[in-house]
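Okay, here's what each chain looks like letter by letter:
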Amino acid sequence: MRKDSRLSRMLHVLVHMHHLEQPVTSDNIAIMLGTNPVVVRRTMSLLREQGYVNAVKGHGGGWTLAKPLHCITLLDIHRSLSEASLFTIGLTDEHTNCPIEKAVNLAIDDVLHEAGQLVLRRFAEVTLDKLAVEYAAKLS
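Note that the coordinates shown come from a computational prediction; the quantities given were computed from them, not determined experimentally. (Residues numbered from 1 in each chain as written. Predicted model: local features only at pLDDT ≥ 70, side-chain atom pairs only at ≥ 80, totals over all residues. Heavy atoms only, no water.)

Enquirer: Would you mind going over helix α1 (residues 6-20) with me for this structure?
Expert: Structurally, the α-helix is built with 3.6 residues per turn, so residues lying three or four positions apart point the same way. In this model α1 runs 21 Å from its N-terminal to its C-terminal C-alpha over 15 residues, within 8% of the 21 Å that 1.5 Å per residue would give. Within α1, burial applies to L7, M10, L11, V13, L14, V15 and M17. Directly after α1, the chain includes E21, whose backbone phi takes a positive value near 55 degrees. (Helix = DSSP H or I, 4+ residues; strand = E, 2+ residues; numbered from the N terminus. Expected span 1.5 Å × (residues − 1). Buried < 20%, exposed > 50% of the residue type's maximum accessible area, 1.4 Å probe, protein only.)

Next up, the structure:
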């Protein structure tokens with residue numbers, strides 16, 4: 001199953017935008033991520049709807065941060081991207097009448113739910129300025 005890397009990719013972009021301190025075009029972001037500008041615009045528009053970025057049209061335009069990084073958490077971006085599942089582990093549904101399959105699915109589902117809640121709590125604790133500081137420290 002293919003991994004959904006939108007969260008890490010958008011975090012990457014947002015920290016770069018902070019350091020660039022000028023509008024960044026969808027074309028430039030697409031080059032940075034090795035993707036298509038249409039994909040960038042579609043994804044960035046999700047962040048714009050939630051108030052994390054702005055779009056400026058015309059010459060000298062592009063995407064800018066609408067909020068400082070210390071006001072944005074990993075959870076904010078995760079939710080903005082409408083990511084439904086944190087994990088790609090799936091449950092089987094081939095033998096729905098089998099009590100063993102039911103027990104296995106229940107055990108896996110319980111663990112994934114608990115792990116997911118822990119991940120989301122941690123996401124809420126990490127602001128993007130912490131990522132920017134780690135990036136700046138590696139440059140020095």
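Enquirer: What am I meant to see in the nonpolar core here?
Expert: Soluble globular proteins: nonpolar side chains tend toward being buried together. Counting residues in hydrophobic clusters, the biggest one holds 27 residues, and the most contacted among them are M10, M17, I29, M44, L47 and I77. If you list the elements that add at least two residues to this core, you get α1, α2 (26-33), α3 (37-49), α4 (74-80) and α6 (128-139). Looking at this core element by element, the count peaks at seven residues for α1. The contacts of I77, once residues within four sequence positions are left out, are L7, M10, L11, L14, L47, Y52 and I72. (Core = buried A, V, L, I, M, F, W, Y, C linked by side-chain atoms within 4.5 Å. Contact = heavy atoms within 4.5 Å.)

Enquirer: What exactly am I supposed to notice about the packing of α1 against α3 here?
Expert: When two helices pack together, their arrangement is given by the angle between their axes and by how far apart the axes lie. Viewed as axis vectors pointing N to C, α1 and α3 meet at an angle of 75 degrees, and their least axial separation amounts to 12 Å. As the angle between them shows, α1 and α3 are arranged roughly perpendicular. Of the residues in α3, those in contact with R6, M10, V13, L14 and M17 of α1 are T43, M44, L46 and L47. Tallied by class, the residues present in the contact of α1 with α3 amount to seven nonpolar, one polar and one charged. (Axes fitted to C-alpha atoms, helices over the stretch in contact; angles between N-to-C directions. Parallel < 35°, antiparallel > 145°, perpendicular 65-115°, else oblique. Nonpolar A, V, L, I, M, F, W, Y, C, P; charged D, E, K, R; others polar.)

Enquirer: Explain the side chain of T127 to me, please; I cannot follow it from the model alone.
Expert: Structurally, T127 is set in the loop between α5 (99-125) and α6. Polar side-chain contacts of T127 include one of 2.2 Å to the side chain of D129. The contacts of T127, once residues within four sequence positions are left out, are L69, H70, I72 and T73. (Polar contact = N/O pair within 3.5 Å; in protein donor to acceptor, adjacent residues only side chain to side chain.)

Enquirer: Sorry, what's going on with the pairing of strand β1 (residues 53-56) here?
Expert: Look at any regular strand and the pattern is simple: side chains alternate between the two faces of the sheet. Pairing geometry for β1 and strand β2 (residues 62-65), over four bridges, is antiparallel. Counted as the bridge partner of N54 is T64 from β2. Counting the residues that bridge the hairpin from β1 to β2 gives five residues, and of these G58 lies at a positive phi of roughly 90 degrees. (Pairing = 2+ DSSP bridges.)

Enquirer: Any chance you could explain the packing of α1 against α2 here in plain terms?
Expert: Direction vectors running N to C along α1 and α2 enclose 125 degrees, while the axes themselves pass 11 Å from each other. Relative to α2, the element α1 is oriented oblique. With respect to the hand of their crossing, α1 and α2 are arranged in right-handed fashion. In this structure, α1 uses R9, M10, H12, V13 and H16 to contact α2, whose residues at the interface are I29, M32 and L33. (Left-handed = near helix turned anticlockwise from the far one by under 90°.)

Enquirer: What should I look at first to understand α5 in this one?
Expert: Look at α5: 39 Å from first C-alpha to last across 27 residues, which is about the 39 Å you get at 1.5 Å a residue. Buried residues of α5: E101, N105, L112, G116 and F123, and no others. Residues of α5 that are buried make contact with α1 and α4.

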